[in-house]
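# What the coordinates show
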Amino acid sequence: MQSIESKILYNDMLAEGYFRLGLEWKTPRVKAGHFVMLRVSDGMDPLLRRPFGVYKVIGAKGSASKGTGIELLYRVVGRGTSILSAKRPGEVLGILGPLGNGFPSPRKGLKVVMVTGGMGIVPLYMLASQTGGILLFGARTKKERFLLDGFKGPGLKVKTATEDGSMGTKGLVTALLEKELAAGVVVYACGPLGMLKAVSRMCSDAGVRCFVSLERSMACGIGVCLGCAVRSVNHDGKENRNYKMVCSDGPVFDGEDIDWELL
Amino acid sequence: MQSIESKILYNDMLAEGYFRLGLEWKTPRVKAGHFVMLRVSDGMDPLLRRPFGVYKVIGAKGSASKGTGIELLYRVVGRGTSILSAKRPGEVLGILGPLGNGFPSPRKGLKVVMVTGGMGIVPLYMLASQTGGILLFGARTKKERFLLDGFKGPGLKVKTATEDGSMGTKGLVTALLEKELAAGVVVYACGPLGMLKAVSRMCSDAGVRCFVSLERSMACGIGVCLGCAVRSVNHDGKENRNYKMVCSDGPVFDGEDIDWELL
Amino acid sequence: MGTPLKKKLPKKPLEVTIAGIKFRNPVMTASGTFGYGAEFAPFTDIEKLGAIVVKGLSLYPRQGNPGPRIVETPCGMLNAIGLQNVGVDDFIEKKLPLLKGVRTHVIANIFGETIEDYMEVARKLDGVKGVSALEINISCPNVKKGGIVFGTDPQEAFRVVSAIRKSTSMPLITKLSPNVADIRVMVKAAEDAGTDAISLINTLTGMVIDVEKRRPVLATATGGLSGPAIRPVAVRMVWQAAQVAKVPIIGMGGIMNANDALEFLIAGASAVQVGTASFIDPDAAVKVAVGLEEYSKKHSVSMKDLTGSLKLA
Amino acid sequence: MGTPLKKKLPKKPLEVTIAGIKFRNPVMTASGTFGYGAEFAPFTDIEKLGAIVVKGLSLYPRQGNPGPRIVETPCGMLNAIGLQNVGVDDFIEKKLPLLKGVRTHVIANIFGETIEDYMEVARKLDGVKGVSALEINISCPNVKKGGIVFGTDPQEAFRVVSAIRKSTSMPLITKLSPNVADIRVMVKAAEDAGTDAISLINTLTGMVIDVEKRRPVLATATGGLSGPAIRPVAVRMVWQAAQVAKVPIIGMGGIMNANDALEFLIAGASAVQVGTASFIDPDAAVKVAVGLEEYSKKHSVSMKDLTGSLKLA
Ligand SMILES: Cc1cc2nc3c(=O)[nH]c(=O)nc-3n(C[C@H](O)[C@H](O)[C@H](O)COP(=O)(O)OP(=O)(O)OC[C@H]3O[C@@H](n4cnc5c(N)ncnc54)[C@H](O)[C@@H]3O)c2cc1C
Ligand SMILES: Cc1cc2nc3c(=O)[nH]c(=O)nc-3n(C[C@H](O)[C@H](O)[C@H](O)COP(=O)(O)OP(=O)(O)OC[C@H]3O[C@@H](n4cnc5c(N)ncnc54)[C@H](O)[C@@H]3O)c2cc1C
Ligand SMILES: Cc1cc2nc3c(=O)[nH]c(=O)nc-3n(C[C@H](O)[C@H](O)[C@H](O)COP(=O)(O)O)c2cc1C
Ligand SMILES: Cc1cc2nc3c(=O)[nH]c(=O)nc-3n(C[C@H](O)[C@H](O)[C@H](O)COP(=O)(O)O)c2cc1C
Ligand code: FES
Ligand code: FES
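Residues numbered from 1 in each chain as written. Chains lettered and ligands numbered in written order. Predicted model: local features only at pLDDT ≥ 70, side-chain atom pairs only at ≥ 80, totals over all residues. Heavy atoms only, no water.

### A look at unusual backbone geometry
Put simply, Gly 250 of chain A and Pro 251 of chain A share a cis peptide bond, and its omega is 10 degrees. Here Pro 251 of chain A is to be found in the loop between β15 (241-245) and β16 (252-254). Omega for the bond connecting Gly 97 of chain B with Pro 98 of chain B falls within 30 degrees of zero, at -10 degrees, which places this linkage in the cis form. Take Pro 98 of chain B: it is sitting in strand β7 (residues 92-99). One non-glycine residue, Leu 226 of chain B, adopts positive backbone phi at about 60 degrees. Mapped onto the secondary structure, Leu 226 of chain B falls in the loop between β13 (209-213) and β14 (229-233). (Helix = DSSP H or I, 4+ residues; strand = E, 2+ residues; numbered from the N terminus.)

Here it is as structure tokens:
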């Protein structure tokens, strides 16, 4: 974990409202599923840093995580991301990271199934490149197809579902998942809350282990403000629940450990 | 008076920390001494608009004030001006203006003497181009010489004083004024408070009429917040003083009307 | 997610009635931030406003405080204008006529340093044509009582509002100060005294120090904090006030856009006032009204039904 | 303009003494914003701090509130953590040892729902090695008294501080809530009860509403406002407190940099705490200390002499 001032290498529009941001960083010891907190403005409004998953390590050879920088992929949804989108190469941003636990490596022999929706694809790029497997990509329309650009991984297969049917199967990505749930499978999911909830329940019902990467509003990113709490269920038979921090205990959780009712 | 969204035509660095900003504006009915309130940020911090004198009208022919835009000259001194300096052509800024009373035209036959210090030169560009006369330019060093670039006016004579003696007379600009104070003279001054105070007293003592352009922190620029008050003296023999608003009663005042003690 | 409160929208979904007065929409300008109204005519269509609340009026003209009177703060500003105003007589004679023919309500904000002052101002405005209601600013120190502020002591608040109630037949809005521990006590005091509506919040007291000069920036040391910085406090207080108030509430504090105004309405306000925002954009209040209309259409909900529609977990 | 208060600077111009404790500089971290201290070691040199104030401790571990617990506001944030903490026993056993050998003071922030709770926590911490002082958070509702908040009622504040005073020989800092009409009354109450120092301000109560869902953003409806938005209110309260306080004051509320910290010192604080700023820059508090050192050199003034050096017109 470091707090550094990083130079912007590039900040290119991929499609209307979608950007990829290259940030210089000498020694990013980043793992698939890690995120960073970015200071998008020097001013006091917006005040808090914004969390973004690491898309990939720049200049990394093969699957090694050493490199010269990191690339983020973000969508403009509010003030912070809008300010970010106006930044130009050469400007400097504060990065705090890498943060979080990251995805646990799949046990040998298990078949990896990744489920994503929208920007949920970000943290799975690194995972896919290491594990390969099946990527179930959910989008609203085929306009979001570019999010798949450059995805690769040992024997990686991609299946797509769009809500409007303009690419792949018409409907939700969870429909694709249905067909993949079988013994010997481990699921990794990132995307909107509703999707994660559904994925988690489906996996639970099928007895398949599933890791979800959650998002919560964050202030510190390092487990001290206690702001990003989600309730977790203890599997000790007792009604013993307590709060886990998405930033430091997560953002990746075993789907069964989350009290989805409260989210 | 208008409140418009204006496109930035240019925002060029003149020297380290000094910029000239061209703003598109179809019908700027601007008079020498007018100012505008600029919204430097879409965000809420900094919250208030910032006041800037109009340097000149862009595209104006001769001394007519019709044109296609306005040019401002500003120095980066704090957060607002620093944000402003990062803006690029094509971006849009809110302008409120033209505001204030402007300089009164000199009576026919009077010799115009202008006294400026630092950025105080801004509102005098338009005046000089119309009236000509003598411009007493005060600066810290000859590095501020560029502020004189392009100054012209019927028979305009420029005399300079620098604090470090690197250009013109060494010392304060008020020393130059000393020699110009005579019957038939009218003085226009803009610059730091200390200078204006001295100029006003000197003129008073010499029986010369003097107009000063003041600066105060402003919130509204249109006389409604009552924030930019200066105390004015009534010359009715009584101790009758009341507040004038720099934005709407000024920024140009007769030096004798200001209660300098309270500034 | 945004289930409409009612399927069928009334004919004038923006209209609200407060203290028996019909306002075309719930957006007013806040006292001290809109002059006497006419100043904004070059920049905005003041007839699109629910009401204009004018600068606080006193019995005699007041010069106000020496400068500096304002200073910017993070997402806000402090002011110490010292209630400079032309006085109630000049207002009636010179300022009010400028708004003649303008089809919007004018509310006169009033204040005094003694209860008698307040009563006298109220009496002078009683029945004046073109003034729809009085808003009583009780955030003033009572000079007779050694400077304790009317607005932070429920007994004093009760006394001043009762006295004014007897001096005028006009609708009364009592404007509360946020510098109290429990706003509900103040709401009750104003209601008991016969106010027809409550407005809140006035400014929070604050201070900025120039660390190079080691002096307060404002000549009066402290001033009133306004702007978006105070909005969360204002929304909370309006919500608390709404729990106990029987009269309508007019909410304000840091409203910059329609979204902010909606927070106040949903928290329990029947109308809102836009203050500091008018300095940054003289058209801000009208834009708020436009935004409320859009929300009303999108969600098929009237302002009346929106008031206090907050759902708790 | 910045005339030096003293020509000759003492040897350790940054050092301040509060409640008999020597701090190497007047910069502390604020409770709830710096964890239990060790979490920040990767990002900042915690030995450069005057003190670390740890997250509020209760008698038993507390789970805190359901989420969402935080929301950003203009130049600030609301939090409703619900005082989640490991409890005083686990703190002593597991968290405190992580700071062993770290040469800075650790101050334990404590709270309870009853006076007995507070006393018990204080007793457990009494004499614990590595803890230099207790900071009493009185911004908590007294469950026995029907939920009225200790920190807004001077009598309750007096009772809880007196009781703790008797339960421990440790230096006591009483942390005041800003949600009161007159902070001076609370200062007096805490002093009368035997506190060794005062710290202020805790958060202002605020609320943010999601206008699409018509629900409060925070699960608990209201939360505590912190960050630069509240700084002018905090500086004003510290200044007011300093007019009456006989014990030293520790000031906080929206401090982002050394300039902000200087406002508090000049207003009358002997030390400051940096809160929300540590979320934005984990090195913020140390940077404040560095900036104070620069100011001290530039103006040839010690922190001690700076305290309360405000000149009024
Ligand atoms: C661990 C983590 C990883 C993330 N990775 C990415 C990523 O790789 N790419 C990407 O585009 N986005 C990512 N996000 C979401 C991103 O943080 C938010 O989109 C961003 O903070 C919004 O900031 P804003 O100022 O533009 O929006 P705001 O104006 O703050 O809010 C706009 C909307 O975004 C929501 N929002 C605000 N903050 C968050 C937040 N922290 N998490 C989720 N929603 C939020 C608000 O509720 C609101 O609906 C991630 C979030 C988390 C917690
Ligand atoms: C009528 C008028 C005309 C002006 N014309 C020009 C001009 O042509 N060119 C130019 O460069 N500047 C001009 N100024 C000054 C300009 O407004 C300030 O430099 C600017 O507002 C500072 O903003 P900031 O955010 O960068 O600084 P801040 O961070 O707000 O403050 C930095 C410093 O500037 C001072 N300051 C802040 N606001 C003002 C203000 N309104 N007036 C004076 N000082 C202020 C502060 O006290 C502080 O010392 C003018 C001011 C007025 C009132
Ligand atoms: C410059 C200024 C002057 C004000 N003058 C008055 C006044 O005369 N009477 C009054 O009741 N409130 C006055 N107020 C308070 C506002 O009406 C309003 O209550 C407060 O500013 C909060 O709203 P805002 O954050 O939208 O500005 C004034 C506020 C400002 C900023
Ligand atoms: C997330 C968060 C948690 C807090 N927890 C506590 C606490 O446990 N005890 C306490 O006394 N104050 C707590 N506070 C209040 C701070 O210590 C401080 O008084 C307040 O935030 C104002 O300072 P700031 O604006 O610098 O943050 C908390 C503040 C925040 C933001
Ligand atoms: S964001 Fe602060 S604890 Fe997670
Ligand atoms: S800036 Fe508002 S009255 Fe002058």
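### Observations regarding empty space enclosed by the protein
Tallying each qualifying case throughout the model produces four cavities of 30 Å³ or more. Within this model, the largest cavity holds a volume of roughly 90 Å³. Forming the walls of the largest cavity are 15 residues, and the residues nearest its centre are Pro 178, Val 180 and Leu 204 of chain C together with Pro 178 and Leu 204 of chain D. Counting residues per element, the ones that place at least two in the lining of the largest cavity are α5 (231-244) of chain C together with α5 (231-244) of chain D. Its residues assigned to classes, the lining of the largest cavity comprises 11 nonpolar, two polar and two charged. (1 Å grid on protein atoms, 1.4 Å probe; cavity = no way out; pocket = protein on both sides within 12 Å on 5 of 7 lines; lining within 4 Å. Points joined across faces, edges and corners; volume = space filled by probe spheres on them. Nonpolar A, V, L, I, M, F, W, Y, C, P; charged D, E, K, R; others polar.)

### Quick notes on the nonpolar core
Residues Val 187 of chain A together with Val 187 of chain B are the most contacted members of the largest nonpolar core, which totals 320 residues. Setting aside residues no more than four positions away along its own chain, Val 187 of chain A makes contact with Val 113, Val 115, Leu 177, Leu 181, Val 199, Cys 203, Val 208, Arg 209, Cys 210 and Phe 211 of chain A. (Core = buried A, V, L, I, M, F, W, Y, C linked by side-chain atoms within 4.5 Å. Buried < 20%, exposed > 50% of the residue type's maximum accessible area, 1.4 Å probe, protein only. Contact = heavy atoms within 4.5 Å.)

### Description of the domain arrangement of chain A
All names here are of chain A. Annotation of chain A at the domain level lists domain 1 (2-99) and domain 2 (111-262). One C-alpha centre belongs to domain 1, the other to domain 2, and the line joining them spans 22 Å. Listed as interface residues are 23 residues of domain 1 and, on the opposing side, 20 residues of domain 2. Together domain 1 and domain 2 conceal approximately 1,900 Å² of surface at their shared face, both sides included; 72% is due to carbon and sulfur atoms. Taken as a group, Tyr 18, Ala 32 and Tyr 55 account for 30% of the area that domain 1 buries against domain 2, more than any other trio of residues on that side. (Domains from an automatic or database assignment. Buried area = accessible area lost by both parts, 1.4 Å probe.)

### Points about the sheet that holds strand β16 (residues 252-254) of chain B
Residue and element names in this part refer to chain B. Overall, mixed pairing links the seven strands, which are arranged β11-β10-β9-β8-β12-β13-β16 in an open sheet. The outermost strands of the open sheet, each flanked by one partner alone, are β11 (169-170) and β16. Relative to strand β9 (residues 134-139), strand β8 (residues 111-117) runs parallel, the two sharing five bridges. Residue pairing across strands places Val 115 opposite Leu 136, the latter belonging to β9. (Pairing = 2+ DSSP bridges.)

### Some thoughts on the pattern of salt bridges
Inspection of the entire model under this criterion finds 52 salt bridges over all chains. The closest approach of N and O atoms between Arg 88 of chain A and Glu 91 of chain B, which form a salt bridge, is 3.9 Å. Linking Arg 88 of chain A in the loop between α1 (79-85) and β7 (92-99) with Glu 91 of chain B in the loop between α1 (79-85) and β7, this pair reaches from one chain into another. Owing to a relative accessible area of 26%, Glu 91 of chain B belongs among the partly exposed residues under this scheme. We note a salt bridge from Asp 281 of chain C to Lys 287 of chain C, for which the minimum N-O separation is 2.5 Å. Through salt bridges with shared partners, a single network forms among Asp 12, Arg 20 and Glu 71 of chain A. (Salt bridge = Lys/Arg side-chain N within 4 Å of Asp/Glu carboxyl O.)

### Section: the interface of chain D and chain C
The interface of chain D with chain C comprises 51 residues on the first partner and 51 residues on the second. Note on chain D versus chain C: buried area summed over both sides is about 4,300 Å², and carbon and sulfur give 64% of it. Sorting the residues of chain D by area buried against chain C places Met 207, Val 211 and Arg 214 of chain D first, and these three jointly supply 19% of that buried surface. Counting the contacts that link chain D with chain C gives two salt bridges. Here chain D is connected to chain C by 18 residue pairs in polar contact (both at pLDDT 80 or more). (Polar contact = N/O pair within 3.5 Å; in protein donor to acceptor, adjacent residues only side chain to side chain.)

### As for the site of ligand 4
Close to ligand 4 lie 24 residues, the nearest being Ser 31, Lys 175, Gly 227, Gly 254 and Thr 276 of chain D. Lying at an intersection of chains, ligand 4 is approached by residues of chains A and D. A distance of 2.8 Å separates an oxygen atom of ligand 4 from a polar backbone atom of Gly 227 of chain D. Between ligand 4 and Gly 275 of chain D there is a distance of 3.1 Å, counted from an oxygen atom to a backbone nitrogen or oxygen. The residue inventory of the shell around ligand 4, partitioned by class, reads seven nonpolar, 15 polar and two charged. (Near = heavy atom within 4 Å.)

### Some points on the confidence of the model for chain C
Mean pLDDT over chain C: 94, with 97% of residues reaching 70 or higher. Confidence estimates for the predicted assembly give a pTM of 0.96 and an ipTM of 0.96. (pLDDT = per-residue confidence, 0-100.)

### Considerations on the site of ligand 2
All names here are of chain B. The environment of ligand 2 is formed by 19 residues, the closest being Arg 50, Pro 51, Gly 53, Gly 80 and Thr 81. Between ligand 2 and Gly 78 there is a distance of 3.0 Å, counted from an oxygen atom to a backbone nitrogen or oxygen. At 3.3 Å from a nitrogen atom of ligand 2 is found a main-chain nitrogen or oxygen belonging to Arg 216. Isolated, ligand 2 exposes 840 Å² of accessible area, and the fraction of that covered by the protein chains is 73%. Going through the elements one at a time, β4 (50-53), β6 (69-75) and α1 are the ones with two or more residues in the shell around ligand 2. (Areas by Shrake-Rupley, 256 points an atom, 1.4 Å probe, with all protein chains shown as cover.)

### Considerations on the relation of the copies chain D and chain C
Expressed as a screw transformation, the operator carrying chain D onto chain C has a rotation angle of 180 degrees and an axial translation of 0.0 Å, and the superposed copies differ by an RMSD of 0.0 Å. What we have between these two chains is a two-fold relation. An overlap of 100% is found between the interface residues of chain D and their copies at the interface of chain C, pointing to a shared contact surface. (Least-squares fit on C-alpha atoms with pLDDT ≥ 70 in both.)

### Some points on the packing of helix α4 (residues 183-192) of chain C against α5 of chain C
Helices that pack against each other are described as a pair by the angle of their axes relative to one another and the distance between those axes. Residue and element names in this part refer to chain C. Where α4 meets α5, the closest approach of the two axes is 9 Å, and the angle between their N-to-C directions is 50 degrees. As judged from the angle between their axes, α4 and α5 are oblique. Crossing hand, α4 versus α5: right-handed. Seen from α4, the contacting residues are Ile 183, Arg 184, Val 187, Lys 188 and Glu 191; seen from α5, they are Met 237, Gln 240, Ala 241 and Val 244. (Axes fitted to C-alpha atoms, helices over the stretch in contact; angles between N-to-C directions. Parallel < 35°, antiparallel > 145°, perpendicular 65-115°, else oblique. Left-handed = near helix turned anticlockwise from the far one by under 90°.)

### A word on the pairing of strand β10 (residues 197-200) of chain D
Residue and element names in this part refer to chain D. Side chains of β10 alternate between two faces, with Ala 197 and Ser 199 and Ile 198 and Leu 200 buried alike. Handedness of the crossover joining strand β9 (residues 172-175) and β10 through helix α4 (residues 183-192) is recorded here as right-handed. Looking at chain direction, β10 and strand β15 (residues 249-252) are connected through three bridges and run parallel. Pairing of Ile 198 across the sheet is with Ile 249, part of β15. (Right-handed = clockwise from strand over helix to strand, strands pointing away.)

### Considering the side chain of Thr 33 of chain D
When you line up the elements, Thr 33 of chain D lands in the loop between β3 (27-29) and β4 (51-53). Polar side-chain contacts of Thr 33 of chain D include one of 2.6 Å to the backbone oxygen of Ala 30 of chain D. Residue contacts for Thr 33 of chain D: discarding those within four places in its chain leaves Val 224 of chain A together with Phe 40, Val 274, Gly 275, Thr 276, Ser 278 and Phe 279 of chain D.

### As for the packing of helix α3 (residues 154-167) of chain C against α4 of chain C
Residue and element names in this part refer to chain C. Interhelical geometry of α3 versus α4 gives an angle of 25 degrees and a closest axis separation of 8 Å. As the angle between them shows, α3 and α4 are arranged roughly parallel. Seen from above, α3 lies across α4 with right-handed handedness. Across the interface between the two elements, Pro 154, Ala 157, Phe 158 and Val 161 from α3 touch Val 185, Met 186, Ala 189, Ala 190 and Asp 192 from α4. For the contact of α3 with α4, the residue count by class is eight nonpolar, no polar and one charged.

### Side note on the pairing of strand β6 (residues 76-79) of chain C
Residues and elements named next belong to chain C. Bridge count for strand β5 (residues 70-73) against β6 is four bridges, and the pairing is antiparallel. Counterpart to Glu 72 in the pairing with β6 is Met 77. As paired elements, β6 and strand β14 (residues 222-226) share three bridges and run antiparallel to each other. Bridge pairing in β14 links Leu 78 to Leu 225.

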